[in-house]
Amino acid sequence: AQSVTQLDSQVPVFEEAPVELRCNYSSSVSVYLFWYVQYPNQGLQLLLKYLSGSTLVKGINGFEAEFNKSQTSFHLRKPSVHKSDTAEYFCAVNSGGSNYKLTFGKGTLLTVNP
Amino acid sequence: DAGVTQSPTHLIKTRGQQVTLRCSPKSGHDTVSWYQQALGQGPQFIFQYYEEEERQRGNFPDRFSGHQFPNYSSELNVNALLLGDSALYLCASSSPTGLLEETQYFGPGTRLLVL
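Residues numbered from 1 in each chain as written. Chains lettered and ligands numbered in written order. Predicted model: local features only at pLDDT ≥ 70, side-chain atom pairs only at ≥ 80, totals over all residues. Heavy atoms only, no water.

K.L.:
Can you break down the overall build of chain A residue by residue, with the values?
P.N.:
Summing up its helical and strand segments, chain A has 0 helices and 12 strands in all. Reading the secondary structure of chain A in the N-to-C direction produces β-β-β-β-β-β-β-β-β-β-β-β. Relative to its length of 114 residues, chain A is compact, with a C-alpha radius of gyration of 14 Å against a globular reference of 13 Å. Taken along the three principal axes of its C-alpha coordinates, chain A extends 45 × 30 × 20 Å. Within chain A, contacts between residues at least 6 apart in sequence are counted, and of these 56% link residues at least 24 apart. Averaging the positions of the 9 positive and the 8 negative side-chain charges in chain A gives two centres separated by 9 Å. (Helix = DSSP H or I, 4+ residues; strand = E, 2+ residues; numbered from the N terminus. Rg over C-alpha atoms; globule rule 2.2 N^0.38 Å. Contact = heavy atoms within 4.5 Å. Lys, Arg positive; Asp, Glu negative; His and termini not counted. Charge placed at Lys NZ, Arg CZ, Asp CG, Glu CD.)

Following this line, the structure appears as structure tokens:
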């Protein structure tokens, strides 16, 4: 079975400050990892993904994440946030093979204050 | 290039009624998955369709059923609606090509309110 834990339900930060949103997963097999962003009253937009290769992945809007297999983590970072980054962020895992579903964490609400 | 589209955007039903939600996948994608997102929660996997058949199902009762058409579009049907079925229903599509199959792209969702 696969599961995802997002350690912070809410993260408030000031504009231009750095931010890290934490995600830990559990799976008995190799995984594919994703971060999605959801703006109010909208669907999910893919921010970035780890499928294979380099453990540091870069996504849209200046976000990046690092896959750490030993710590089973996939934390999302941005060096300087903007007010427009205010949204809900979801980490998701898919263990592939004959398992096709994405398992999501409960989300982290990032609020960027002026 | 159109992304994943869903209709309707909003829907209000009463308990006991039936509802059908529709999804068109992104161009070039042949696999469609459905998720339910309750308020304040992450999306929960309902099922996935590939080659017009249900390939995998999550922990949802038989009241939730689906269909995929030859053009890869899909429907989600929910019978005997309960108040707890009120949620945002998200459709996601993915490509059949290698590792790209693992990446799911989401539509804007259909918000269902059951009164």
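This is not the end of the story, as more comes after the structure.
K.L.:
Give a description of the packing of aromatic side chains that names residues and reports values.
P.N.:
Taken as a whole and judged by the stated rule, the model has 13 aromatic pairs over all chains. Ring-pair connections join several aromatic residues into one group, and the members of that group are F34, Y36, F90 and F104 of chain A together with Y35, F45 and F106 of chain B. Its end group placed over the ring of Y100 of chain A, R55 of chain B keeps NZ or CZ at 3.5 Å from the ring centre. Sitting over the face of the ring of Y50 of chain B, R55 of chain B holds its NZ or CZ atom 4.4 Å from the ring centroid. (Phe/Tyr/Trp six-rings, centres within 6.5 Å; stacked < 30°, edge-to-face > 60°. Lys NZ or Arg CZ within 6 Å of the ring centre and 35° of its normal.)

K.L.:
Could you give an account of the side chain of N77 of chain B, with specific residues and numbers?
P.N.:
Residues and elements named next belong to chain B. Along the chain, N77 falls in strand β8 (residues 74–78). With relative accessibility at 14%, the residue N77 sits in the buried group. Setting aside its immediate chain neighbours within four residues, N77 contacts Q18, V19, T20, R63, F64, S65 and G66. (Buried < 20%, exposed > 50% of the residue type's maximum accessible area, 1.4 Å probe, protein only.)

K.L.:
Account for a nonpolar patch on the surface, naming residues and giving values.
P.N.:
All names here are of chain B. Nonpolar side chains collect at one region of the surface, where I12, L113 and L115 lie side by side and expose about 310 Å² of accessible area between them. Tracing the chain through its elements places I12 in strand β2 (residues 10–13). Accessibility expressed as a relative area gives 61% for I12, which makes it exposed. (Patch = residues over 30% accessible without salt bridge, like charges linked within 9 Å, V, L, I, M, F, W, Y side chains within 5 Å. Areas by Shrake-Rupley, 256 points an atom, 1.4 Å probe, with all protein chains shown as cover. Salt bridge = Lys/Arg side-chain N within 4 Å of Asp/Glu carboxyl O.)

K.L.:
Describe the pattern of salt bridges, listing the residues and the values that go with them.
P.N.:
Close approach of charged atoms allows side chains of opposite charge to pair. Applying the stated criterion across every chain yields a total of 8 salt bridges over all chains. The partner of E75 of chain B in a salt bridge is R22 of chain B, with the nearest N and O atoms 3.4 Å apart. Taken together, the positions of E75 of chain B in strand β8 and R22 of chain B in strand β3 (residues 19–24) put the pair 53 residues apart, joining distant regions of the chain. Residue E75 of chain B is classed as buried on the basis of its relative accessible area, which comes to 17%. Residues E54 of chain B and R57 of chain B are paired through a salt bridge, measuring 3.1 Å at the closest nitrogen-oxygen approach. Residue class for E54 of chain B comes out partly exposed when judged on its relative accessible area of 36%. Through salt bridges that share partners, E20, E66 and R77 of chain A make up one connected network.

K.L.:
With reference to specific residues and values, describe the nonpolar core.
P.N.:
Membership of the largest hydrophobic core comes to 28 residues, with the highest contact counts inside it found for L33, W35, L47, L48, F74, L76 and Y89 of chain A. No other element matches the 4 residues that strand β10 (residues 87–94) of chain A contributes to this core. If we ignore the near neighbours within four places in the chain, the residues touching L76 of chain A are V19, E20, L21, W35, L47, L48, F63, E64, A65 and Y89 of chain A. Judged by nonpolar contacts, the second largest core, of 19 residues, contains V4, C23, F60 and C91 of chain B. (Core = buried A, V, L, I, M, F, W, Y, C linked by side-chain atoms within 4.5 Å.)

K.L.:
Report on the sheet that holds strand β1 (residues 5–7) of chain B, specifying residues and quantitative values.
P.N.:
Residue and element names in this part refer to chain B. The strand order across the open sheet built from 4 strands is β1-β3-β8-β7, with neighbouring strands paired in antiparallel fashion. Only two strands of the sheet have a single neighbouring strand rather than two, namely β1 and β7 (64–68). Within this sheet the neighbouring strands show an average axis-to-axis angle of 20°, counted without direction. Two elements, β7 and β8, share 5 bridges in a ladder whose sense is antiparallel. Following the sheet pairing, H67 is matched in β8 by E75. (Pairing = 2+ DSSP bridges. Axes fitted to C-alpha atoms, helices over the stretch in contact; angles between N-to-C directions.)

K.L.:
So, the pairing of strand β8 (residues 64–68) of chain A: which residues are in play, and what are the values?
P.N.:
The two faces of a sheet get side chains in turn, since along a regular strand they alternate between them. Residue and element names in this part refer to chain A. What you see with β8 is a clean split: A65 and F67 sit on the buried side and E64, E66 and N68 on the side with no burial. Bridge count for strand β7 (residues 56–58) against β8 is 3 bridges, and the pairing is antiparallel. Note on β8: the bridge partner recorded for L56 is E66. Once β7 ends, the chain turns through 5 residues before running back antiparallel as β8, passing N61 with a positive phi of about 60°. As paired strands, β8 and strand β9 (residues 73–78) are joined by 5 bridges and run antiparallel to one another. Opposite N68, over in β9, you have S73 as the bridge partner. Hairpin connection between β8 and β9: a loop of 4 residues separates the two successive antiparallel strands, and T72 in this loop has a positive phi of roughly 45°.

Purely geometric numbers; function is a separate question.
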